[in-house]
Amino acid sequence: MKYKRFAYLFVGLGVIVVIWKLSVLETSVSNLKTLPQALDLHKDQLELTQRQLMIFEQIHKKTNYFRNYPVIYAVTPTYWRHVQKAELTRISQTLQLVPNVHWIVVEDSDYKTDLVRNLLTESDLIYTHLNAKTPPFEKLKDKDPRWKRHRGVEQRNTALKWLRENLKLGKDKGVVYFMDDDNTYNVRVFQEMNKIKTVGVWPVGLVGGLNAETPVLDKKTGKVMGYRSGWRPDRPFAIDMAGFAINLDLILSRTDAVFSYKMEKGYQESEFLSYFTTKEQLEPLADNCTKVYVWHTRTEKPVVNGIVPGLEV
Ligand SMILES: *[C@@H]1O[C@H](CO)[C@@H](O)[C@H](O)[C@H]1NC(C)=O
């Protein structure tokens, strides 16, 4: 009889302890919401300096930013040439300023090179490193002006395949942007991408023989009604690769949408976009396409007559 009473007491105590533990856990979880305030309150016990508090606050802000914005999957095809490391360094340091970016770098190569691998490892970015060699039948056309239109086909398709194999429709929230390694990007172009619901478009500077190419908007409706473009403005989407980004849901649901060697010259962007949207549905960004946040810059090919051994340049 006595034992039974003890047992009840024991179980009762156990339940009380569990409830108390849970309540403590609950409190600490709710405290996490105001981590900077909590730290500020206890800064003396924790021996935190004002600067350390500011750093915590900064991290807290960035974490919230992450929570509320889509992941921008920036797809960069790249190939070896003397300026490769310089270009990738410039791009990677632009991306350091974009907290919600995931960089997908695809080398035109049979293997992943040390140069790109080292650059990515040291970048502190969230990245995926891939490679896909452009087939030789395309390489042969190097002198052919049509060669230009096929650059990046293999690499962009490899990135699309990776996205479709590794991300889940409806679960992963994101935007896909084709970010060539030679252009110049204002970080604001990435902030614009956060607003995209389907396909967002904006002007691109220094392209097609114009100071900028841009979608032309209807003053009344604010919709895209045409394009200012140096070449074939009558294309369904006369937009440079740097002038649009696509919601990840669309990329993941239209699995047949890929770049192709069969696409007509200069129609890569236009044909790819027609899988996902219509001109009327485009979302004009960058203050109704009045701001230029990306430029089609071209780095001059340097004269290199000698190689210093032992230096990765
Ligand atoms: C863009 O244009 C639309 C309609 O023409 C207008 O309502 C809107 O305020 C404009 N937005 C900006 C950022 O200028």
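Residues numbered from 1 in each chain as written. Predicted model: local features only at pLDDT ≥ 70, side-chain atom pairs only at ≥ 80, totals over all residues. Heavy atoms only, no water.

Novice: Just to check I follow, could you spell out the overall build of the protein chain for this structure?
Specialist: In terms of regular secondary structure, the protein chain is built from 12 helices and 12 strands. Taken over the C-alpha trace, the protein chain has a radius of gyration of 26 Å; the compact-globule value for 313 residues is 20 Å, which it surpasses by more than 25%. Counting only C-alpha atoms, the protein chain reaches 95 × 60 × 45 Å along its principal axes. In the protein chain, buried positions account for 42% of the 313 residues. Across the protein chain, contacts joining residues at least 24 apart in sequence account for 74% of those joining residues at least 6 apart. (Helix = DSSP H or I, 4+ residues; strand = E, 2+ residues; numbered from the N terminus. Rg over C-alpha atoms; globule rule 2.2 N^0.38 Å. Buried < 20%, exposed > 50% of the residue type's maximum accessible area, 1.4 Å probe, protein only. Contact = heavy atoms within 4.5 Å.)

Novice: Can you help me understand the site of the ligand in this one?
Specialist: All residues in the neighbourhood of the ligand are listed as Lys-219, Gly-222, Asp-287 and Asn-288. Contact distances for the ligand include 2.4 Å between an oxygen atom and a side-chain N or O atom of Asn-288. If the ligand stood free it would expose 360 Å²; the protein chains cover 36% of that surface. Taken together, the residues of the shell around the ligand break down into no nonpolar, 2 polar and 2 charged. (Near = heavy atom within 4 Å. Polar contact = N/O pair within 3.5 Å; in protein donor to acceptor, adjacent residues only side chain to side chain. Areas by Shrake-Rupley, 256 points an atom, 1.4 Å probe, with all protein chains shown as cover. Nonpolar A, V, L, I, M, F, W, Y, C, P; charged D, E, K, R; others polar.)

Novice: I would appreciate a short explanation of the environment of Glu-107 in the present structure.
Specialist: Relative to the elements of secondary structure, Glu-107 occurs in strand E2 (residues 101-107). Between the C-alpha atom of Glu-107 and that of Asn-131, which follows or precedes it by 24 residues, the distance is 4.4 Å. In this structure, Glu-107 is in contact with Thr-78, Lys-112, Thr-113, Val-116, His-129, Leu-130, Asn-131, Ala-132 and Gln-155, ignoring residues within four places of it in sequence.

Novice: Any chance you could explain the sheet that holds strand E4 (residues 174-178) here in plain terms?
Specialist: Sheets are built from strands that pair by backbone hydrogen bonding, the pairs being arranged parallel or antiparallel. Strands sit in the order E3-E2-E1-E4-E10-E6-E11 across an open sheet of 7 strands; the sheet is mixed. Across the chains shown, the open sheet's two edge strands, defined by having one partner strand only, are strand E3 (127-131) and strand E11 (283-284). Sheet topology places strand E1 (residues 71-78) next to E4; 5 bridges connect them, and they run parallel. Each bridged residue has a counterpart across the sheet, and for Ile-72 the counterpart in E4 is Val-175. Against the sheet, helix H5 (residues 84-95) contacts E1 and E2, and its axis sits at roughly 165° relative to E2. This element, helix H6 (residues 114-123), spans E2 and E3 of the sheet and lies at about 170° to E3. (Pairing = 2+ DSSP bridges. Axes fitted to C-alpha atoms, helices over the stretch in contact; angles between N-to-C directions.)

Novice: Explanation requested: the nonpolar core in the structure shown.
Specialist: The nonpolar side chains of a soluble globular protein tend to be buried with one another. The biggest cluster of nonpolar side chains holds 36 residues, and the ones touching the most others in it are Ile-104, Leu-163, Phe-178, Phe-244 and Phe-272. Top contributing element to this core by residue count: helix H8 (residues 153-166), with 5 residues. Those residues in contact with Leu-163, other than ones at most four positions away along the chain, are Tyr-73, Ile-104, Val-176, Leu-248, Ile-251 and Leu-252. Grouped together as the second largest cluster of nonpolar side chains are 31 residues, Val-101, Tyr-177, Val-189 and Leu-285 included. (Core = buried A, V, L, I, M, F, W, Y, C linked by side-chain atoms within 4.5 Å.)

Novice: Sorry, what's going on with H6 here?
Specialist: One full turn of an α-helix is made of 3.6 residues, so residues set three or four places apart face in the same direction. Within H6, burial applies to Leu-115, Val-116, Leu-119, Leu-120 and Ser-123. For H6, the buried positions fall inside an angular range of 125° around the axis, keeping them on one side. Set apart from the buried face of H6 by more than 90 degrees, the exposed residues are Thr-121 and Glu-122. Looking at the packing, one finds that the buried side of H6 touches H5, E2 and E3. (Arc of directions from axis to C-beta.)

Novice: I'm lost on the environment of Gly-230 in this one. Help?
Specialist: Tracing the backbone through its elements, the reader meets Gly-230 in the loop between strand E9 (224-228) and strand E10 (244-247). Given the relative accessible area of 42%, Gly-230 is considered partly exposed. Ignoring any residue separated from it by four or fewer positions in sequence, one finds Gly-230 in contact with Gly-208, Leu-210 and Glu-213.

Novice: Sorry if this is basic, but what is going on with the UniProt feature "glycosylation site" (unreviewed entry) in the protein chain here?
Specialist: When the UniProt feature table is mapped to this numbering, "glycosylation site" (unreviewed entry) covers Asn-288. Here Asn-288 shows up in helix H12 (residues 286-289). (UniProt positions renumbered as here; feature names shortened; annotations may be inferred.)

Novice: I would appreciate a short explanation of unusual backbone geometry in the present structure.
Specialist: One can expect most non-glycine residues to show negative phi and most peptide bonds to be in trans. Not every positive phi belongs to a glycine, and Leu-206 is a case in point at roughly 55°. Even without glycine at this site, Ala-286 takes up a positive phi of about 55°. For Ala-286, the location among the structural elements is in helix H12. The class for Ala-286 is buried, based on a relative accessible area of 0%.

Novice: For this particular structure, what's the right way to read the side chain of His-129?
Specialist: For His-129, the location among the structural elements is in strand E3. Separated by 2.7 Å, the side chains of His-129 and Glu-107 make a polar contact. When residues no more than four places from it in sequence are discounted, the contact partners of His-129 are Val-105, Glu-107, Lys-112, Thr-113, Val-116, Arg-117 and Leu-120.

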